[in-house]
Amino acid sequence: MKIFLTGANGYIGMRLLPILLAKGHEVICAVRSSDRFSVSPSVKRQVQIVEIDFLEEPDKNILPNDIDAAYYLIHSMSGSTKDFDELEAKAARNFNTLLAPLNIKQVIYLTGMTNENKTSKHLSSRQQVADILKKGNFALTCLQAGIIVGSGSASFEIIRDLCEKLPIMITPKWVKTKTQPIAIRNVLQFLEKSLGRKETYDDAFDIAGPDVLTYKDMMLTYCRIRGLKLHILDVPFMSPRLSSYWLYFVTSTSYNLAVNLVDSMKVEVISKDNRLTKLLDIKPLSYEEAIRAAFDKIEQNQVISSWKDSKVSSRFTKVDLNQFIQVPKHGCLVDKQSLKTDSPEKSLNKIWEIGGKNGWYYANNLWKIRGFIDKLVGGVGLRRGRTNYHDIYTGDSLDFWRVLFADYEEKRLLLFAEMKIPGEAWLEFKIDKDNIVHQTATFRPRGLFGRLYWYSMLPFHFFIFAGMLKKIAHA
């Protein structure tokens, strides 16, 4: 089949794509920017890529007429605490407009399970999107998932952060809310096996694992599997705002996402039927099996995607980062250092493995202090780490940087700072044909305060950047 995959650069889309290709489907990937499509070159060669921003009026001629089915994997929950529901509705309407001239048979929409008696803004928005998509000239299959558990998923990473960092927790009362988590591999099975099944047309199905658990149960189970001690004291006086700040400071989530997650966590969502499980002959993993499967991927360094690599984890959610790919020169302050390497391959590998658990090779404690200060003032801090220990792609998050350009053959890596600073900053690594490693830090200050910031940091830059370059060049 010819498949139109929206959200191809997202957490679900990047995992679904290789499955569709392995099944022999022809896939057209919709991304906002092809430069930020974080897949391997071999995958890129197998797909057609179209650049579409569904928040803008679509070009109706951008797609071929012979598409058989589409996946709708778009959401804006993390972008804004105020207007994400309006953005989601706008994207859904533009999606319908784009597909109107085509003869697409089926659209599969992954959404969240709902509670008929009580809902959150997030779940209401997801239902609104479903209502809009139902007006399209195609059969709609709605897959309503519980909390998704898998390496790199937002819910798994939040539980992981909480349990690994805090042996004692004073928690809000929503930790007693019941939910029904589902393993990411089961979600992908439902998405793939629903394709072309007429029994799923124009219908909505709950998809969930076999266990009904509270958030407290989920954390305690995680700790038991990991061999950690955890004591939880839940109190009734933690407001949603305090809960959001708590999640933001302790975990890798952004503040906007924390606000919307807390809003949703107060609502109990439990599967009302398992029709699709029987129809597609899928045996969902238990919560414990899902956790163990996630760590199998982590320990083997096979994490394909992470929510932290999506744009919603950035502080520049409404900015096109492509405008920063050309490093400016006018009005900028520059720290440039170079050093010859006797082993360009080892030095390049060192560059490609920078950040995350690998650290920044020199004065790592100072990097951690800088990340902590950034988080205190509302920045992203160092909490995002990196998805893969060895590979890195354009668009990936890398601690408090975003990868603007990564070309291993060209031996060049360009990072853009997403920490809170009075200006814009770039960090570039490049190895030339003479085996000289060039490391360039560029800062475009905003006003007088920006210049004061740069000069106050010069002493640190002098020995931190010099030490980092020596570690890379003498790898």
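Structure first, text after, so check above.
What you see is a predicted model, and the numbers here were worked out from it, not measured in a lab.

## A short note on the pairing of strand S6 (residues 139–145)
Then comes step 1: When you tally the buried positions in S6, you get seven out of seven residues, the bulk of the element.
Then comes step 2: Of the two faces of S6, the one lined by Ala 139, Thr 141, Leu 143 and Ala 145 and the one lined by Leu 140, Cys 142 and Gln 144 are each fully buried.
Then comes step 3: Two elements, strand S5 (residues 106–112) and S6, share seven bridges in a ladder whose sense is parallel. Considered in S6, the bridge of Val 107 is made with Leu 140.
Then comes step 4: Inspection of the sheet shows S6 paired to strand S11 (residues 203–207) by five bridges, in the parallel sense. Following the sheet pairing, Ala 145 is matched in S11 by Ile 207.

## Regarding the packing of aromatic side chains
Then comes step 1: Evaluation of the coordinates by the stated rule reveals 18 aromatic pairs.
Then comes step 2: Ring plane angle 50 degrees and centroid distance 5.9 Å describe the contact between Tyr 222 and Phe 295, whose orientation is recorded as tilted. Here Tyr 222 is found in helix H7 (residues 215–226), whereas its partner Phe 295 is found in helix H11 (residues 287–299), with 73 residues between them in sequence.
Then comes step 3: For Tyr 222, a relative accessible area of 0% gives the class buried.
Then comes step 4: Assessed through its relative accessible area of 6%, Phe 295 is described here as buried.
Then comes step 5: By the ring-pair criterion, three or more aromatic residues cluster together here, those being Phe 4, Phe 54, Tyr 72, Phe 95, Tyr 109 and Phe 138.

## Quick notes on the pattern of salt bridges
Then comes step 1: The full count for this structure, using the stated rule, is 17 salt bridges.
Then comes step 2: One salt bridge connects Glu 424 with Arg 444, and the closest N-O pair in it is separated by 2.8 Å. Within this pair, whereas Glu 424 is found in strand S18 (residues 423–431), its partner Arg 444 is found in strand S19 (residues 436–445), the two being separated by 20 residues in sequence.
Then comes step 3: Residue Glu 424 is classed as buried on the basis of its relative accessible area, which comes to 19%.
Then comes step 4: Overlapping salt bridges bring together Lys 2, Glu 26 and Asp 66 as one network.

## As for the packing of helix H5 (residues 154–165) against H7
Then comes step 1: Packing of H5 against H7 leaves a shortest axis separation of 10 Å and a crossing angle of 65 degrees. With respect to H7, the axis of H5 lies roughly perpendicular. H7 is crossed by H5, and the crossing has right-handed handedness. Packed against H5, whose contacting residues are Phe 156, Ile 159, Arg 160, Leu 162, Cys 163 and Glu 164, the element H7 presents Met 218, Met 219, Tyr 222, Cys 223 and Arg 226 at the interface.

## A closer look at the nonpolar core
Then comes step 1: With 37 residues, the main nonpolar core has Ile 12, Leu 17, Tyr 71, Leu 110, Leu 143 and Leu 191 as its most contacted residues.
Then comes step 2: If you list the elements that add at least two residues to this core, you get strand S1 (2–5), helix H1 (11–22), strand S2 (26–31), strand S4 (69–72), S5, S6, helix H6 (184–193) and S11.
Then comes step 3: Per element, the largest residue contribution to this core is seven residues, and it comes from H1.
Then comes step 4: Residues Ile 351, Leu 398, Leu 415 and Ala 473 belong to the second largest nonpolar core, which totals 35 residues.

## Points about the sheet that holds S11
Then comes step 1: With parallel pairing, the seven strands of this open sheet are ordered in space as S3-S2-S1-S4-S5-S6-S11. Edge strands, defined here as strands with exactly one partner in the open sheet, are strand S3 (48–51) and S11. Put simply, the sheet's adjacent strands are angled 20 degrees from each other on average, direction ignored.
Then comes step 2: H6 contacts S4, S5, S6 and S11 of the sheet and is inclined by roughly 155 degrees relative to S5.

## Some points on helix H14 (residues 447–473)
Then comes step 1: At Leu 458, H14 shows its largest bend, some 50 degrees, and a proline, Pro 459, comes one to four positions later.
Then comes step 2: Among all positions of H14, only Gly 450, Tyr 453, Trp 454, His 461, Ile 464, Phe 465, Ala 466, Gly 467, Met 468, Leu 469, Ile 472 and Ala 473 are buried.
Then comes step 3: On the buried face of H14, the contacting elements are strand S14 (333–340), helix H12 (344–352), helix H13 (364–376), S18 and S19.

## Structural notes on the packing of H13 against H14
Then comes step 1: Interhelical geometry of H13 versus H14 gives an angle of 145 degrees and a closest axis separation of 11 Å. Relative to H14, H13 is oriented so that their crossing is left-handed. Between H13, through Leu 366, Trp 367 and Arg 370, and H14, the contact on the second element is made entirely by Tyr 453, Phe 463, Ile 464, Phe 465 and Met 468.
Then comes step 2: Grouping the amino acids of the contact of H13 with H14 by side-chain chemistry returns seven nonpolar, no polar and one charged.

Conventions adopted
- Residues numbered from 1 in each chain as written.
- Predicted model: local features only at pLDDT ≥ 70, side-chain atom pairs only at ≥ 80, totals over all residues.
- Heavy atoms only, no water.
- Buried < 20%, exposed > 50% of the residue type's maximum accessible area, 1.4 Å probe, protein only.
- Helix = DSSP H or I, 4+ residues; strand = E, 2+ residues; numbered from the N terminus.
- Pairing = 2+ DSSP bridges.
- Phe/Tyr/Trp six-rings, centres within 6.5 Å; stacked < 30°, edge-to-face > 60°.
- Salt bridge = Lys/Arg side-chain N within 4 Å of Asp/Glu carboxyl O.
- Axes fitted to C-alpha atoms, helices over the stretch in contact; angles between N-to-C directions.
- Parallel < 35°, antiparallel > 145°, perpendicular 65-115°, else oblique.
- Left-handed = near helix turned anticlockwise from the far one by under 90°.
- Contact = heavy atoms within 4.5 Å.
- Core = buried A, V, L, I, M, F, W, Y, C linked by side-chain atoms within 4.5 Å.
- Bend = angle between axes of the 7 residues up to and from the residue.
- Nonpolar A, V, L, I, M, F, W, Y, C, P; charged D, E, K, R; others polar.

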